[in-house]
Amino acid sequence: GIQVEQSPPDLILQEGANSTLRCNFSDSVNNLQWFHQNPWGQLINLFYIPSGTKQNGRLSATTVATERYSLLYISSSQTTDSGVYFCAAPRSGYSGGGADGLTFGKGTHLIIQP
Amino acid sequence: GAVVSQHPSRVICKSGTSVKIECRSLDFQATTMFWYRQFPKQSLMLMATSNEGSKATYEQGVEKDKFLINHASLTLSTLTVTSAHPEDSSFYICSVEGAFFGQGTRLTVV
């Protein structure tokens, strides 16, 4: 199955700073997702981004499928951005209609200090 | 996206007892749901795939007789942890459509 690696494992920033989180995956994928897990455990889907670039407010993501990596950018960080950020891909690399479980990276634990 | 409700959010049980966790898809008919387990400060690991009207598919190393999964309708899957032991203490979370997750259940076995 696919392997997913994330870096850095931990990141501590001051409020207002920008950050870049990286996700490398071992094989071709047709589904790459970024999630934010808040301190209460809730997982929120941030981006579905198998390729290209997407933006949502202060967050944006870019996936370079040919080089098997994805980046999550957080600009002007706020304390509410704290938590763990996971990227995930289908176990086989390819999903059809959401019918495959996901392989998650180990996550980046982000702490934004006021 | 799909709205997924998981219950209970937190449960404490005695060693040797069984605990049932419910995962409901509120606005989407899900023929497939997924169950994950997350130990403290670790990543999510897929435990099993719940299939409506048929047997669940378990990942390697997950005991099917210990983690009973029932997916009797298109909106409800249940995970029962049987004869729970302290090492089963974990965060259990379900998902629908591969992208939408329930709130999770924190199980503590004492």
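Since we're looking at a predicted model, the values are computed, not measured.

Participant: Before we go on, may I ask you to explain the sheet that holds strand 7 (residues 67-73) of chain B in this structure?
Facilitator: Adjacent strands of a sheet form backbone hydrogen bonds with each other and so pair up, either parallel or antiparallel. Residues and elements named next belong to chain B. Pairing within the open sheet is antiparallel, and its four strands lie in the order 1-3-8-7. At either margin of the open sheet sits one strand with a lone partner, and together these are strand 1 (4-7) and strand 7. On average, each strand axis in the sheet is tilted by 15° relative to the strand beside it, whichever way the strands run. Two strands pair when backbone bridges link them, and strand 1 and strand 3 (residues 19-25) are joined in this way by four bridges, in the antiparallel orientation. Directly across from Q6, in strand 3, lies its bridge partner C23.

Participant: Where do I start with the pattern of salt bridges in this structure?
Facilitator: Side-chain pairs of opposite charge can arise whenever the charged atoms involved come near each other. Here the structure, examined in full by the defined rule, presents six salt bridges over all chains. With a shortest N-O distance of 3.5 Å, B:E22 and B:R24 are connected by a salt bridge. Of the residues examined, B:E22 reaches a relative accessible area of 25% and is grouped as partly exposed. The class of B:R24 is partly exposed, set by a relative accessible area of 34%. Here the salt bridges do not stand alone but share partners, grouping A:R91, A:D100 and B:E59 into one network.

Participant: Which parts of the structure should I look at to understand the packing of aromatic side chains?
Facilitator: Here the distance between the centres and the angle between the planes together describe a pair of aromatic rings. For the structure on display, the rule yields seven aromatic pairs over all chains. Summarising the aromatic geometry, the rings of B:F67 and B:Y92 are spaced 6.3 Å apart at their centres and angled 40° between planes, so their arrangement reads as tilted. Of this pair, B:F67 sits in strand 7 while B:Y92 sits in strand 9 (residues 90-96); the two residues are 25 residues apart in sequence, bridging distant segments of the chain. B:Y92 matches B:F67 in its accessibility class, with the two residues each being buried. Among the aromatic side chains, those forming a connected cluster through ring pairs are A:F35, A:F86, A:F104, B:Y36 and B:F101.

Participant: Help me out: how do you make sense of the nonpolar core in this one?
Facilitator: Note that soluble globular proteins tend to have their nonpolar side chains buried in a common cluster. The biggest cluster of nonpolar side chains holds 24 residues, and the ones touching the most others in it are B:W35, B:F67, B:L79, B:Y92 and B:L107. Going through the elements one at a time, strand 2 (10-13), strand 3, strand 4 (32-38), strand 5 (44-51), strand 7, strand 8 (76-81), strand 9 and strand 11 (105-109) of chain B are the ones with two or more residues in this core. In this view, B:Y92 contacts B:Q6, B:I21, B:Y36, B:R37, B:M47, B:F67, B:L79, B:G104, B:T105 and B:L107; residues no more than four positions away in its chain are not counted. Core analysis: the second largest hydrophobic core is formed by 22 residues, A:L11, A:L13, A:W34 and A:L72 among them.

Here is what the cut-offs are and how they apply
- Residues numbered from 1 in each chain as written.
- Chains lettered and ligands numbered in written order.
- Predicted model: local features only at pLDDT ≥ 70, side-chain atom pairs only at ≥ 80, totals over all residues.
- Heavy atoms only, no water.
- Pairing = 2+ DSSP bridges.
- Helix = DSSP H or I, 4+ residues; strand = E, 2+ residues; numbered from the N terminus.
- Axes fitted to C-alpha atoms, helices over the stretch in contact; angles between N-to-C directions.
- Salt bridge = Lys/Arg side-chain N within 4 Å of Asp/Glu carboxyl O.
- Buried < 20%, exposed > 50% of the residue type's maximum accessible area, 1.4 Å probe, protein only.
- Phe/Tyr/Trp six-rings, centres within 6.5 Å; stacked < 30°, edge-to-face > 60°.
- Core = buried A, V, L, I, M, F, W, Y, C linked by side-chain atoms within 4.5 Å.
- Contact = heavy atoms within 4.5 Å.

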